[in-house]
Structure formats: C-alpha cells, structure tokens
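Residue strings, one per chain:
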Amino acid sequence: MAHKVDVHVGKCIRQRRWLKGMTQQGLADLVGIKFQQIQKYETGANRVSASRLWDIADALDVQVSFFFEGLKSAEDEAALKDATVPTDLMSDKEAMDLVRSYYAIPENQRRRLFELARVLSDVA
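Reference entry: report on the structure contained in this document. Just so it is clear, the model here is predicted, and its values are computed rather than measured. (Residues numbered from 1 in each chain as written. Predicted model: local features only at pLDDT ≥ 70, side-chain atom pairs only at ≥ 80, totals over all residues. Heavy atoms only, no water.)

**Here we look at the side chain of R17**
Link 1 in the chain: Its location among the elements puts R17 in helix α1 (residues 4-19).
Link 2 in the chain: Taking the relative accessible area as the measure of exposure, R17 reaches 6% and is therefore buried.
Link 3 in the chain: One polar contact links the side chain of R17 to the main-chain carbonyl oxygen of M22, over a distance of 2.9 Å.
Link 4 in the chain: In contact with R17, other than residues within four places in its own chain, are M22, T23, Q24, L27, E42 and L60. (Helix = DSSP H or I, 4+ residues; strand = E, 2+ residues; numbered from the N terminus. Buried < 20%, exposed > 50% of the residue type's maximum accessible area, 1.4 Å probe, protein only. Polar contact = N/O pair within 3.5 Å; in protein donor to acceptor, adjacent residues only side chain to side chain. Contact = heavy atoms within 4.5 Å.)

See below:
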C-alpha cells in the first residue's frame, strides 16, 4: 500500500500540473522521463526521489516545499471529516478547471463574479 506522504505529493503534482494546463506528457518531457512515470507519481504508486522532485518543482514553477503543504496528522484528518467542504477539493479536475478559468477572467469582472457567488452561497 502506498504511503500517505507519497499519495499527498502525487496529488500535489497532479493539482499543480492541472492548474498550469499541462499534460502528463508535457511534464514528462520537461523532466526527461516517460509520462507513465508521471502517472505512477501522481497516484502514489511510485515514490518521487529528491532530485526528481526538484526537477518536477522546477518544471511546475513551485518550491519543493509546495508538495508537502497541507499534510495532516491522523487526528487532523479525523477532525476534517466532519467539515462541510470536501477535504480533497483541489484534487478534483472540475474544481481545478474552475479555478484556472476564474483567474483567466479580467480582475474587475472576476470581482463581480466572486460577489455573485458569495451572495448565491449565502442564499443556499
């Protein structure tokens, strides 16, 4: 069974890749490996070595520490299960597409859209 840290790092790789609009093949080309290896990293099936994680971070324009942000202890995870927002929201492709699309909107229109969403969520 995959270690929870390997799964977390893999999810962060996938999340950042989606945000950048990059394919697994595109990331693999930048890092110099086959896309199947990226697939294995993203699922946590294979561990990412320190040097490979450095190359992936460089290709995705993030610090290596990005891949470890949000790691929770078992107690923290148990407490979050009672939350109304899913704990793994950012690993959802639809959510990531929404975030990328949101930031592609000009700032003045984006602010109006944000206020509309806020009003609608308060009504619900």
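**Focus: the pattern of salt bridges**
Link 1 in the chain: A complete count under the given rule lists 6 salt bridges for this structure.
Link 2 in the chain: Here E42 and R17 are joined by a salt bridge, their closest N and O atoms 2.6 Å apart. Remark: R17 occurs in helix α1 and E42 occurs in helix α3 (residues 35-43); sequence separation between them is 25 residues.
Link 3 in the chain: In this structure E42 comes out as buried when scored by relative accessible area, which is 4%.
Link 4 in the chain: Taking the shortest distance from any N to any O, the salt bridge between D97 and R100 comes out at 2.6 Å. Of this pair, D97 and R100 both sit in helix α6 (residues 93-104), 3 residues apart, roughly one helical turn.
Link 5 in the chain: By relative accessible area, which is 28% here, D97 ends up partly exposed.
Link 6 in the chain: Take R100: its relative accessible area is 28%, and that puts it in the partly exposed class. (Salt bridge = Lys/Arg side-chain N within 4 Å of Asp/Glu carboxyl O.)

**Here we look at the packing of aromatic side chains**
Each aromatic ring pair is specified by the distance between its two centres and by the angle formed by the two planes.
Link 1 in the chain: The tally for this structure, following the rule as stated, stands at 2 aromatic pairs.
Link 2 in the chain: With centroids separated by 5.4 Å and ring planes inclined at 80°, the aromatic side chains of F66 and F67 adopt a geometry described as edge-to-face.
Link 3 in the chain: You can call F66 buried: its relative accessible area is 18%.
Link 4 in the chain: Judged by relative accessible area, which is 0%, F67 ranks as buried.
Link 5 in the chain: The interplanar angle of 85° and the centroid separation of 5.0 Å between the aromatic rings of Y102 and Y103 together place this pair among those described as edge-to-face. (Phe/Tyr/Trp six-rings, centres within 6.5 Å; stacked < 30°, edge-to-face > 60°.)

**Observations regarding the nonpolar core**
Link 1 in the chain: One finds I13, L27, Y41, V48, I56, L60 and F67 to be the most contacted residues of the largest nonpolar core, which totals 19 residues.
Link 2 in the chain: Elements with a contribution of two residues or more to this core: α1, α2 (24-31), α3 and α4 (50-59).
Link 3 in the chain: Per-element accounting of this core gives the leading share, 4 residues, to α4.
Link 4 in the chain: Beyond its immediate chain neighbours, meaning those up to four positions away, Y41 contacts D6, G10, I13, I33, N46, R47, V48, R52 and I56. (Core = buried A, V, L, I, M, F, W, Y, C linked by side-chain atoms within 4.5 Å.)

**Quick look at a nonpolar patch on the surface**
Link 1 in the chain: Nonpolar side chains collect at one region of the surface, where L113, L116 and L120 lie side by side and expose about 280 Å² of accessible area between them.
Link 2 in the chain: By the element assignment, L116 lies in helix α7 (residues 107-123).
Link 3 in the chain: Given a relative accessible area of 47%, L116 falls into the partly exposed group. (Patch = residues over 30% accessible without salt bridge, like charges linked within 9 Å, V, L, I, M, F, W, Y side chains within 5 Å. Areas by Shrake-Rupley, 256 points an atom, 1.4 Å probe, with all protein chains shown as cover.)

**Brief notes about α3**
Link 1 in the chain: Residues I38, Y41 and E42 constitute the buried set of α3. Angularly, the buried residues of α3 cover 95° about the axis, an arc narrow enough to put them on a single face.
Link 2 in the chain: The inward-facing, buried residues of α3 abut α1, α2 and α4.
Link 3 in the chain: Directly beyond the C-terminal end of α3, a positive phi value near 85° is found at G44. (Arc of directions from axis to C-beta.)

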